[in-house]
Every structure is written in structure tokens, then in C-alpha cells.
Amino acid sequence: MTHRVVALGASNLLRGLAAVVAAARDTWGPGVEVLAAGGHGRSYGRRSTFLARGIPGILECGIWDELERLPPAPTRALITDVGNDILYGRSPAQVLAWVGEAVDRLQRHTRDIVATDLPLASIRRLSNVKFLAVRTVLFPASRVTVEQAQEAAAAVDEGMVALAAARGLRLQHLREEWYGFDPIHIRASLWPTAWGEILMGPDADRVPGRSTRREWLRLYRTRPERRWMFGREQVTPQRGTALAGGGVLRMY
């Protein structure tokens, strides 16, 4: 039987997608099917832009129509990178409303949903200089201050705890040791460990195997179903990218 993983997130998910695939493949076999909606600067509710590339909000992308079209299958869903919208100036209430809508849609297909909290320890350690550097590179139009971001992150984190309890989600804590100088991205050397735990839980029997550099690059460069480059829309039908190590990926 085909197992399915539905992964929602932003830059952390995109950077670690090969580790998610490796963990899923180790657990459910080479026939696993992965549907992912990620990308640098990704918003849950609005179109966002990173450098010359625009991408629809997660709630606006084609992953939901695809889930309706696909036959039912055992599915585990991941909700990650929920803090990006803070840097776009969205209120904690709006961020949590968008995440709640994603949960509503996912629960039409599975009750097996994992949500991550925010890396509050790293966020609280942010100096104004480091924060401005991150904001300038990743969110150049943002005018959110470090104090506003830290306050909003704490509120969203608290809301995620409540949402997980109310909706029966497994809430995965993002461990402080997974982060280094970069306060918002999991260290590359720890992708297998971190994403293995996020996907499979802290009591998983073992750390999943690593993907190859070739597979990482292929997944990282996979075009989503819909994006805009320099303002021009590009549509790439997602028929399923078969991976050399096993598994199929659809990117939205």
C-alpha cells in the first residue's frame, strides 16, 4: 500500500526536503509519495516574493486540489515554518487562523498530523544587528522590529500549543541545539536527525539514512506547480517526479 506524506512549510522545509523524503522512504518503503508546499519566504495565506520569484500562499496553492483528486492512502502531514508571516507584519491571530485552516483541510484526509512550534530560544537570542541582517536578506520589504517579532513569535508559539491540544495534533518541539549562527534555519549537518524526529517522533528507532547530494539538489531545484519569475507566471504540471532512491515527489 502506498503511504503519503503531505509537508507544508517554507525555507526550512525546502532545504530539508531530501531529509524528509529519506526518513519517509526508510519508514514506509520506496513507494512513498510526498506532496510538498515549501519555498523561501513562503506565506501560509498570501502570495510572497523572494528575489525574482513569486509563489502563492500555501492555502492558495494546488496541493489541496491534488489531495482531492488522489485516491485515499495512509497519510502523515507536517505543518512547519509557521513563523514566516510574522515578518510580513501579520498578527499572531491571523497566522494562527491560517494554520487552523490548513489543519481543517488536512483533517479531511488524515488525523495523523504533526505541527512544529517556533524556535523561541534562538529567536529570543537575536540581537538587533543579526535580526536586521536576516530581515534584509529574506524579507526586504518588512519593517517589523526585533522586539515586535519576538513578542509575536511567543504569541504564535503559545497558540500552536493550544491548537495542537484542541485538534489532536502531535506538536514537535524544535530543539535549541538544531540551530547555530542562523537563528531560523536548522543546521544542514543535523537535517537527517531533525527531520527524522519531526516526521517520526522523538522515540523513532533510528536516525534515517542521508539522501545523496544529487537527490538534495534535484529536490531543491524542483519547480513548484505555480510560480512567477520576474513577474511572468510559470505553470509546471505535477505528474510526480520519480526519485532514484525511491519515492515520488509533487511540489506546489
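Described below are features of the structure shown in this document. Keep in mind the model is a prediction, meaning the values are calculated, not measured.

What counts, and at which threshold
Along each chain, the written sequence defines residue order, and numbers are assigned to residues from 1. Selection of residues for local features in this predicted model requires a pLDDT of at least 70, selection of side-chain atom pairs for listing and counting requires 80 or more, and totals for whole chains, interfaces and linings are taken over all residues. Each side-chain value is derived from all of the structure's non-hydrogen atoms; neither hydrogens nor water enter the calculation. What counts as a helix is a DSSP run of H or I of at least four residues, what counts as a strand is a run of E of at least two, and both are numbered from the N terminus. Within these notes, the globule rule equals 2.2 Å times the number of residues to the 0.38 power, and the radius of gyration is based on C-alpha atoms. Burial classes follow relative accessibility: with a 1.4 Å probe on protein chains only, a residue under 20% of its type's maximum area counts as buried, one over 50% as exposed, and anything between as partly exposed. Any pair of residues with heavy atoms lying within 4.5 Å of one another is described as a contacting pair. The accessible surface values rely on the Shrake-Rupley method and a 1.4 Å probe; as for residues, cover is taken only from the protein chains in view. By the convention used here, strands pair only if DSSP detects at least 2 bridges between them. For the handedness criterion, the strands are oriented away from the viewer, and a crossover whose path from the first strand over the helix to the second runs clockwise is classed as right-handed.

Let us look at the overall build of the protein. Along its length, the protein carries nine helices and 11 strands. Rg of the C-alpha trace for the protein: 17 Å, near the compact-globule value of 18 Å for 252 residues, within the 12% margin. Judged by the C-alpha coordinates and their principal axes, the protein covers about 50 × 45 × 35 Å. With 252 residues in all, the protein has 54% of them scored as buried. A separation threshold of at least 6 residues defines the contact pool for the protein, and within that pool the share at least 24 residues apart is 75%. Of the accessible surface of the protein, which amounts to about 11,700 Å², a share of 52% is contributed by carbon and sulfur atoms.

This paragraph deals with unusual backbone geometry. In the Ramachandran plot, Leu51 falls in the positive-phi region, its phi being about 55 degrees despite a non-glycine side chain. Of note in this structure, Asp81 is not a glycine but carries a positive phi near 55 degrees. Examined against the element boundaries, Asp81 turns out to sit in the loop between strand 5 (75–79) and helix 3 (84–87). The buried category is assigned to Asp81, whose relative accessible area is 15%.

Before going further, it helps to spend a moment on the pairing of strand 2 (residues 33–37). Counting buried positions along strand 2 gives five out of five residues, so the element sits mostly inside the fold. Side chains Glu33, Leu35 and Ala37 project from strand 2 onto one buried face, and the interleaved Val34 and Ala36 project onto a second face that is buried too. Sheet topology places strand 1 (residues 4–8) next to strand 2; five bridges connect them, and they run parallel. Bridge pairing in strand 2 places Val6 opposite Leu35. Following the backbone out of strand 1, through helix 1 (residues 11–28) and into the adjacent parallel strand 2, one traces a crossover that is right-handed. Inspection of the sheet shows strand 2 paired to strand 11 (residues 248–251) by four bridges, in the parallel sense. Within strand 11, the position partnered with Ala36 by the bridge is Met251.

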